[in-house]
Amino acid sequence: MMNLVVIGSQWGDEGKGKIVDLLSESADYVIRYQGGHNAGHTVVSGETVIVLHLIPTGLLHAGKIGVIGNGVVVDPGALLEEIDALSSRGISVSGRLFISEAAHLIMPYHKAIDKESEKVKGTRKIGTTGRGIGPAYADKMARIGIRVVDLLDPGLFREKLATNLVEMNYFLEQLYKVKGFDLEKVYQEYMEYADRIRPYIADTTLLIDEAIGRGRRLLFEGAQGTHLDVDLGTYPYVTSSNATAGGACTGTGVGPTKINEVLGVAKAYTTRVGSGPFPSELNNEMGEMLRSKGKEFGATTGRPRRCGWFDVVLLRYSVRVNGLTSLAITKLDVLDGFPEIQVCVGYEFEGKVYREMPTALKTLEKCTPIYEHFSGWSEPTTGITSYDRLPKNAKTYLEAISEKVGCRVDLISTSSKRGETIVLRNPFQ
Ligand code: IMO
Ligand code: MG
């Protein structure tokens, strides 16, 4: 049995797409367990760039099986668009994509409420992707969510939709002063989706259990990142799901005893998109340089990402709460040519030094980062695939990070391309 969870260990956009794509070669099943199409997982293969939002990245490899687990929120329109886009590139997911019956649906009112509720928050807005993620998970918790399985029961679907629209339209029309949704229209739209999605719907807990029984290798593909986790992240500036490793269990119905390794993906620096605290953020030309060299613009929304130095405190927390067994460090090449590189090793706030992640938002928002300085390297690392060929200072930097966060490094990515990775150890082998 060899099953691996891959998670983001910062605030998302760590390069999970590339790492999952690479490791998918060694996996049989690739399984999404949380989030929705707020994710943007980029894979570069030759000259083609593919961004996947909802479909498991492993499906780009012929013959692999993809599962969208019960913990995911599914926008059926977005899903079908993605299936069609892949099919126009000659990639068919038919017969190898399975969607959990128990996954919740993102409805049109979720998207509308996501957008409107952000507007009223003013300076305290979260900066969501506007995909309806938060409101869909809110309905799930409030036990009024509509699930994928309900698409197969038109009578029940209609009944649930009618009940929900009474409340949702009240919010939209009375509170937010925007137009509500028409029962008949939404019903028809979703019944058309149902016709197309039906062949993919499955009892995925059973499917996965059988795969484990047959000794198949599973890769759980996390979306977002540890510090965007609704329980363990920088609340309330988080997404609404469990992006940490534990989410792989609740989001798929696989017990923790079935998981062997947890790989955390981290950039060689830090980025964040959307609002919320970011102690090592650089609001200067250095941050600007990271953004332009690293092409730090959102794969889902196109928004410029906030950039800053690597933060050991963030990572050490991720090692702890995910039980990380190893790390994949990405975008090392972006640091090429920086004369000096800083690493945040602690925070200072009101005379107190924090070496571990503080929970209070105010501490994170107002703290001053404590930096350790490292000499940069001028030699390009782009495309290097062997550790020995890395510049000495790059090795020093990587070894220091690994030592400080308390976790082994298995993979180092030196460009966005599939093959350009240093594999010190394949977690699947
Ligand atoms: P991947 O999988 C980075 C951020 C949004 C916002 C917050 C809440 O590509 O790493 P939401 O729409 O989820 O309610 O927004 O979470 N966010 C991400 N940031 N990468 C992502 O996904 C993200 N998905 C959501 O910017 O701050
Ligand atoms: Mg992304």
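Calculation criteria
- Residues numbered from 1 in each chain as written.
- Chains lettered and ligands numbered in written order.
- Predicted model: local features only at pLDDT ≥ 70, side-chain atom pairs only at ≥ 80, totals over all residues.
- Heavy atoms only, no water.
- UniProt positions renumbered as here; feature names shortened; annotations may be inferred.
- Near = heavy atom within 4 Å.
- Polar contact = N/O pair within 3.5 Å; in protein donor to acceptor, adjacent residues only side chain to side chain.
- Areas by Shrake-Rupley, 256 points an atom, 1.4 Å probe, with all protein chains shown as cover.
- Nonpolar A, V, L, I, M, F, W, Y, C, P; charged D, E, K, R; others polar.
- Domains from an automatic or database assignment.
- Helix = DSSP H or I, 4+ residues; strand = E, 2+ residues; numbered from the N terminus.
- Contact = heavy atoms within 4.5 Å.
- Axes fitted to C-alpha atoms, helices over the stretch in contact; angles between N-to-C directions.
- Parallel < 35°, antiparallel > 145°, perpendicular 65-115°, else oblique.
- Left-handed = near helix turned anticlockwise from the far one by under 90°.

Naming follows an unreviewed UniProt entry, where the protein appears as Adenylosuccinate synthetase of Candidatus Manganitrophus noduliformans. Quoted verbatim from the Catalytic activity (unreviewed entry) field of the UniProt record, the comment on the protein reads "IMP + L-aspartate + GTP = N(6)-(1,2-dicarboxyethyl)-AMP + GDP + phosphate + 2 H(+)". The heading Subunit (unreviewed entry) in the UniProt record of the protein holds the text "Homodimer."

Points about the site of ligand 1
Neighbouring ligand 1 are 20 residues, the closest being Asp13, Lys16, His41, Thr129 and Thr239. Lys16 is positioned such that a nitrogen or oxygen atom in its side chain is 2.7 Å from an oxygen atom of ligand 1. One nitrogen or oxygen atom from the main chain of Gly127 is found 3.3 Å from an oxygen atom belonging to ligand 1. Calculation on ligand 1 without its partners gives an accessible area of 550 Å², and the protein chains cover 98% of this total. Across the shell around ligand 1, the residue classes tally to 7 nonpolar, 10 polar and 3 charged. Taken together, domain 1 (2–101 + 203–423) and domain 2 (104–199) each give at least three residues to the shell around ligand 1, which thus spans both.

Quick word on the environment of Ile197
For Ile197, the location among the structural elements is in helix H6 (residues 183–197). Counting along the chain gives 83 residues from Ile197 to Asp114, while the straight-line C-alpha distance between them is 25 Å. The residues touching Ile197, leaving out its near neighbours within four places in the chain, are Pro76, Leu79, Leu80 and Ile99.

Some details on the packing of helix H5 (residues 154–175) against H6
The interhelical angle for the contact between H5 and H6, taken along N-to-C directions, is 140 degrees, at an axis separation of 10 Å. Taken together, H5 and H6 sit at an angle that is classed as oblique. For the pair H5 and H6, the sense of crossing is right-handed. Judged by residue contacts, Pro154, Phe157, Arg158, Leu161, Ala162 and Leu165 of H5 engage Leu183, Glu184, Val186, Tyr187, Tyr190 and Met191 from H6. Broken down by class, the residue content of the contact of H5 with H6 amounts to 10 nonpolar, no polar and 2 charged.

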